[in-house]
Amino acid sequence: MTWFFGWAALFLTVLIPYFIASAIGAYLFYAQHNFPGVSFFDRAGWAYEKAALESSSYMKTGPIMAWFTANIGYHHIHHLNARVPFYRLPEALKKIPELGKPKTTSLHPLDIFRCLRLKVWDVEAQQMVGL
């Protein structure tokens, strides 16, 4: 590509899209584990189901984004049972009442800003905080 079209073409058609896709993927992972209202537990208070449902989120996405990300928005269900295939995650949310009130995030710019501010877990305050 560089030989025929130059460095600018490589930069615009390969490097920039790769950087954008990588940033979106990293954010999707980050936001579903570091969001306002997340809970982490020490060894004494830890339980598998509690950790799955309170330490990961449900990300509200539209149908197109859900398709492109293989329903990554249903991350809390994935943590509860990784054997549920991605295409059955919405069905699991509808059929199991206990999964119906998850902690949520979204791709709204304000939610993105709130998630990116959080860096570390404050043990005393029992919440994620910025530095």
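Look a little higher up for the structure.
Residues numbered from 1 in each chain as written. Predicted model: local features only at pLDDT ≥ 70, side-chain atom pairs only at ≥ 80, totals over all residues. Heavy atoms only, no water.

Student: With reference to specific residues and values, describe the overall build of the protein chain.
Tutor: Scanning the protein chain for helices and strands turns up 7 helices and 4 strands. Walking the protein chain from its N terminus toward its C terminus, one meets helices and strands in the order α-α-α-β-α-α-α-β-α-β-β. Its C-alpha radius of gyration of 18 Å places the protein chain more than 25% over the 14 Å reference for a compact globule of 131 residues. A principal-axis box enclosing the C-alpha atoms of the protein chain has dimensions of 60 × 40 × 25 Å. Buried residues in the protein chain amount to 28% of all 131 residues. Within the protein chain, contacts between residues at least 6 apart in sequence are counted, and of these 51% link residues at least 24 apart. (Helix = DSSP H or I, 4+ residues; strand = E, 2+ residues; numbered from the N terminus. Rg over C-alpha atoms; globule rule 2.2 N^0.38 Å. Buried < 20%, exposed > 50% of the residue type's maximum accessible area, 1.4 Å probe, protein only. Contact = heavy atoms within 4.5 Å.)

Student: Lay out the packing of aromatic side chains with the relevant residues and their values.
Tutor: Per the stated rule, a full pass over the model turns up 6 aromatic pairs. Here the aromatic rings of Y58 and Y74 are separated by 5.2 Å at their centres, their planes lie at 50°, and the arrangement is tilted. Taken as a pair, Y58 in strand β1 (residues 58-60) and Y74 in the loop between α4 (63-68) and α5 (75-80) lie far apart in primary sequence, 16 residues in all. Y58 gets classed as buried once you look at its relative accessible area, which sits at 17%. For Y74, a relative accessible area of 14% puts it in the buried group. A ring pair is formed by F86 and Y87, whose centres lie 5.5 Å apart and whose planes are at 85°; its orientation type is edge-to-face. Residue F86 is classed as partly exposed on the basis of its relative accessible area, which comes to 45%. (Phe/Tyr/Trp six-rings, centres within 6.5 Å; stacked < 30°, edge-to-face > 60°.)

Student: Could you give an account of helix α2 (residues 7-31), naming the residues involved and the relevant values?
Tutor: Taking 1.5 Å as the rise per residue, α2 with 25 residues should run 36 Å; its terminal C-alpha atoms sit 34 Å apart, in good agreement. Roughly 30° is the biggest bend found in α2, and it falls at L15, with proline P17 one to four residues downstream. Of all the positions in α2, only A9, L10, Y27, L28 and A31 are classed as buried. If you follow the buried residues of α2, they end up packed against α1 (2-5), β1, α4, β2 (104-106) and α7 (109-117). (Expected span 1.5 Å × (residues − 1). Bend = angle between axes of the 7 residues up to and from the residue.)

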